[in-house]
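# Descriptive structure summary
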Amino acid sequence: MLRQIAERVHVHQSSFMQSNALIVQGSGGALVIDAGITTDELTCLAGDLRELGQPVVAGFSTHPHWDHMLWHPELGDAPRYAGNRCATTARERLSAPGAKERLASVIPPDLSGQVPLDLLGQLTALPPDTTHVPWEGPAIRILEHNAHAPGHTALVIEDARVLVAGDMLSDILIPILDFGSSSDPIQDYLDALELLEGESGNIDVVVPGHGSPAGADQVAARIGLDRAYLRTLRDGGAFDDPRGGPSPDIHDRQLAQLAGRK
């Protein structure tokens, strides 16, 4: 079911970790951002778009993690864009030996057989200097950085004043760092938070990749929580964050990864 959060902007939320797909209506059809997660949910999304009279004319993936690169044949064969580093990373990872086995190991067992993987990660890389999503619809500005994943990208839907935050600014998850390709993942994340904070005056709604959309009045609080967590992580402290879920286990793993770099 689609939930409208701004003019011409809807959210379709998955039961898996409250994953948010974004729908932006254009004059000739819709842009789908981070489509997911299960086959049933994606076919439901396609049906909702048909009811709106909105064929899919473009897709976008905010970063190269499996749950943000999914697609389904019922959404059509429109180009699916991503930042240059995101698309390059996706291609390298999915073509590497053992990629299917690694992917199977990270998809939760309770989703086994429910996630459509045939079209996973078939992304069109945008040139590095691209500032806006290339489509016939509302202007969507690209904010590429390196928090959480290589080429992680936030989007600002300018007229609607919506910030699509990718896997940042969540109310259910702590910051999860990119240890695989970053030499200083904490600083990368802090830099990205500063980048998003600079957009505070341009938005009315923020939508995280996982969790609840929020008004602009909550952006500062979410950024503050993330910064406080990163300080705890940097200082080697015990988990101290109001967000629940799997976060304590994630914190312990991140502490261990940081310790292994020293």
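Anything mentioned here points back to the structure above.
Residues numbered from 1 in each chain as written. Predicted model: local features only at pLDDT ≥ 70, side-chain atom pairs only at ≥ 80, totals over all residues. Heavy atoms only, no water.

### Some words on the environment of D241
Just so we agree on the cut-off: Helix and strand definitions follow DSSP, with helices as H or I runs of at least four residues and strands as E runs of at least two, each counted in order from the N terminus. In this analysis, two residues are considered to be in contact whenever any of their non-hydrogen atoms come within 4.5 Å of each other.
Along the chain, the position of D241 falls in the loop between α5 (219-234) and α6 (247-261). Once the C-alpha coordinates of D241 and H10 are considered, the two residues, 231 residues apart in sequence, prove to be 30 Å apart. The contacts of D241, once residues within four sequence positions are left out, are I174, L225 and Y229.

### Some thoughts on helix α2 (residues 84-95)
The criterion, for reference: Any helix carries an expected span of 1.5 Å times its number of residues minus one. Only protein chains enter the accessibility calculation, which uses a 1.4 Å probe; a residue is then buried when its area is under 20% of its type maximum, exposed when over 50%, and partly exposed in between. Each C-beta atom gives one direction from the helix axis, and the arc is the one those directions make.
The terminal C-alpha atoms of α2, which comprises 12 residues, lie 17 Å apart, in line with the 16 Å expected from a rise of 1.5 Å per residue. Residues of α2 that are buried: C86, A87, T89 and A90. One side of α2 carries all its buried residues, which in axial view fall inside an arc of 160°. Turned more than 90 degrees away from the buried face of α2, the exposed residues are E92 and S95. Of the surrounding secondary structure, the elements contacted by the buried residues of α2 are β6 (80-82) and β7 (124-125).

### Points about the sheet that holds strand β1 (residues 2-6)
Stated precisely, the cut-off is as follows: Any two strands between which DSSP finds at least two bridges are classified as paired.
Strands sit in the order β1-β2-β3-β4-β5-β6-β7 across an open sheet of seven strands; the sheet is mixed. Both edges of this open sheet fall to β1 and β7, since each of them pairs with a single strand only. Here five bridges tie strand β2 (residues 9-13) to strand β3 (residues 20-25), and the two strands are oriented antiparallel to one another. Residue pairing for β3: V11 is matched across the bridge by L22.

### Here we look at the packing of aromatic side chains
Note the cut-off: When the centres of two rings from Phe, Tyr and Trp lie within 6.5 Å, Trp using its six-membered ring, the rings pair. Their planes under 30 degrees apart give stacked, over 60 give edge-to-face, and anything left gives tilted.
Enumeration according to the criterion identifies one aromatic pair in this entry. Aromatic side chains F16 and W66 sit 5.5 Å apart centroid to centroid with 40° between the ring planes, which places their arrangement in the tilted category. With a gap of 50 residues between them, F16 in the loop between β2 and β3 and W66 in the loop between β5 (56-60) and β6 connect regions that are remote in the sequence. Neither F16 nor W66 differs from the other in exposure class; each is buried.

### What about the pattern of salt bridges?
Going by this rule: Here, a salt bridge means any Lys or Arg side-chain nitrogen found within 4 Å of an Asp or Glu carboxyl oxygen.
For the structure shown, the criterion picks out nine salt bridges. Close ionic contact of D171 with R222 constitutes a salt bridge, the shortest N to O distance being 3.8 Å. In this pair, D171 is assigned in the loop between β10 (162-164) and α4 (185-197) and R222 in helix α5, connecting sequence segments 51 residues apart. With relative accessibility at 29%, the residue D171 sits in the partly exposed group. Note on R222: relative accessible area 6%, which makes it buried. Among the ionic pairs, D241 bridges to R243, the shortest N-O distance being 2.8 Å. Look at the salt bridges and you will find they share partners, linking R141, E158 and E199 into a network.

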